[in-house]
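The residues making up each chain are set out below.
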Amino acid sequence: GAAAAGAEIVPITFAVQFAARANNGVKRAEVIDAVASMVPAPHKVNLDQPELTIMCEVMKGTCCISVVRDYYQLLKYNIRLLGMTPEEREAEKARTGGPRPGGAGNHAGGSRAAPAEEDGEEEGGAGKDADEEGEDEEEGEGADADEDKE
């Protein structure tokens, strides 16, 4: 909700998750930096356990933005994985060879990687996977938003 005048704003941690499909013109790092820079102080980036995740999905010429809570803690809202015990998730990871259930490829790790996922998918870097609709990039990082914006 909106803060009353004079009320102190409680800092919230966040991360930016980016994916592009069928669009090679939008640069991942530029989008993440632009989105993160719009988040005012005192909110801070936390790539390990963000309270909120800003999802930025580009599909062809359309960009969709959403803000979700506990995205990584809830296994990226993967219902199938959430229904498994931790032991079953580990067995699934071992059975499929790691990155994603079903054996799809993983994203190359980078210097500023997002939290390790329970399903074994790695985030970060400039890695790309080809899918049925074109190129797919994901990233779970953001820039510090220390500037005071009003």
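Look above for the structure.
Calculation criteria
- Per chain, residues are indexed from 1 in the order of the written sequence.
- This being a predicted model, a pLDDT of at least 70 is required before a residue's local features are given, and a value of 80 or more before pairs of side-chain atoms are given or counted; all residues contribute to the totals for chains, interfaces and linings.
- In computing side-chain properties, one takes all heavy atoms of the structure into account and sets aside hydrogens as well as water.
- Strands are runs of DSSP state E lasting at least 2 residues, helices are runs of H or I lasting at least 4, and numbering of each runs from the N terminus.
- The classification of residues rests on relative accessible area computed with a 1.4 Å probe and restricted to protein chains. Under 20% of the type maximum is buried, over 50% is exposed, and intermediate values are partly exposed.
- In what follows, residue pairs with any heavy atoms lying within 4.5 Å of each other are defined as contacts.
- Accessible surface is estimated by sampling points in the Shrake-Rupley manner with a 1.4 Å probe; for residues, cover comes only from the protein chains shown.
- Each Phe, Tyr or Trp ring, with Trp reduced to its six-membered ring, pairs with another whose centre is within 6.5 Å; inter-plane angles below 30 degrees give stacked pairs, above 60 give edge-to-face pairs, and intermediate values give tilted ones.
- Side-chain atoms within 4.5 Å link the members of a nonpolar core, which is a set of buried Ala, Val, Leu, Ile, Met, Phe, Trp, Tyr and Cys residues.
- Pairs of strands are assigned from DSSP output, requiring at least two bridges between the strands.
- Nitrogen and oxygen atoms within 3.5 Å of one another constitute a polar contact, given that in protein one can donate a hydrogen and the other can accept it, and given that sequence-neighbouring residues count only through two side-chain atoms.
- Only residues above 30% relative accessible area that lack a salt bridge enter a patch, with like-charged residues linked at up to 9 Å and the nonpolar side chains Val, Leu, Ile, Met, Phe, Trp and Tyr linked at up to 5 Å.
- We define a salt bridge as a contact between a side-chain nitrogen of Lys or Arg and a carboxyl oxygen of Asp or Glu at a distance within 4 Å.

**Some words on the overall build of the chain**
Each helix and strand in the chain was counted, giving three helices and six strands. Ordered by position from the N terminus, the helices and strands of the chain form the series β-α-β-β-β-α-α-β-β. Taken across its 150 residues, the chain has 39% of its residues classed as buried. Pairs at least 24 residues apart make up 59% of the contacts formed inside the chain by residues separated by at least 6 positions. For the chain, the accessible area works out to roughly 8500 Å², and carbon and sulfur atoms hold 53% of it.

**As for the packing of aromatic side chains**
Summed over all chains, the structure comprises two aromatic pairs. Between Y71 and Y72, the ring centres sit 5.3 Å apart and the planes meet at 70°, which makes this aromatic pair edge-to-face. Per residue, the accessibility class of Y71 equals that of Y72, and both read buried. Look at Y71 and Y77: their rings are 5.6 Å apart centre to centre, the planes differ by 85°, and that puts the pair in the edge-to-face class.

**Focus: the nonpolar core**
What tends to happen in soluble globular proteins is that the nonpolar side chains get buried as a cluster. Among the nonpolar cores identified, the biggest contains 19 residues, and F14, V16, F18, V31, V35, I54 and Y71 are the most heavily contacted of them. Among the secondary structure elements, those contributing two or more residues to this core are β1 (13-21), α1 (28-37) and β3 (52-59). Looking at this core, the element that brings in the most residues is β1, giving five residues. Dropping the residues within four chain positions of it, I54 is found in contact with F14, A15, V16, Q17, V35, V39, I65, S66 and V67.

**So, the pairing of β3**
By the criterion of burial, β3 is predominantly enclosed, with six of the eight residues buried. Examined bridge by bridge, β1 and β3 share eight bridges and lie parallel to one another. If you follow F14 over to β3, its bridge partner there is L52. Of the strand pairs in this sheet, β3 and strand β4 (residues 62-69) are connected by eight bridges, and their pairing is antiparallel. Pairing of M55 across the sheet is with S66, part of β4. Counted along the chain from β3 to the antiparallel partner β4, the turn is two residues long, and its residue K60 has a positive phi close to 55°.

**Comments concerning the environment of N23**
Within the secondary structure, N23 sits in the loop between β1 and α1. Along the sequence, N23 and M59 sit 36 residues apart, while their C-alpha atoms lie 6.5 Å from each other. Aside from chain neighbours lying at most four places away, what touches N23 is V58 and K60. Polar contacts involving the side chain of N23 include one to the main-chain amide nitrogen of V26, which spans 3.1 Å. Among the polar contacts listed, one links the side chain of N23 to the backbone oxygen of K60, at a separation of 2.6 Å.

**Looking at a nonpolar patch on the surface**
Taken together, L74, Y77, I79 and L82 make up a surface patch of nonpolar side chains, about 370 Å² in accessible area. Tracing the sequence through the fold places I79 in helix α2 (residues 79-82).

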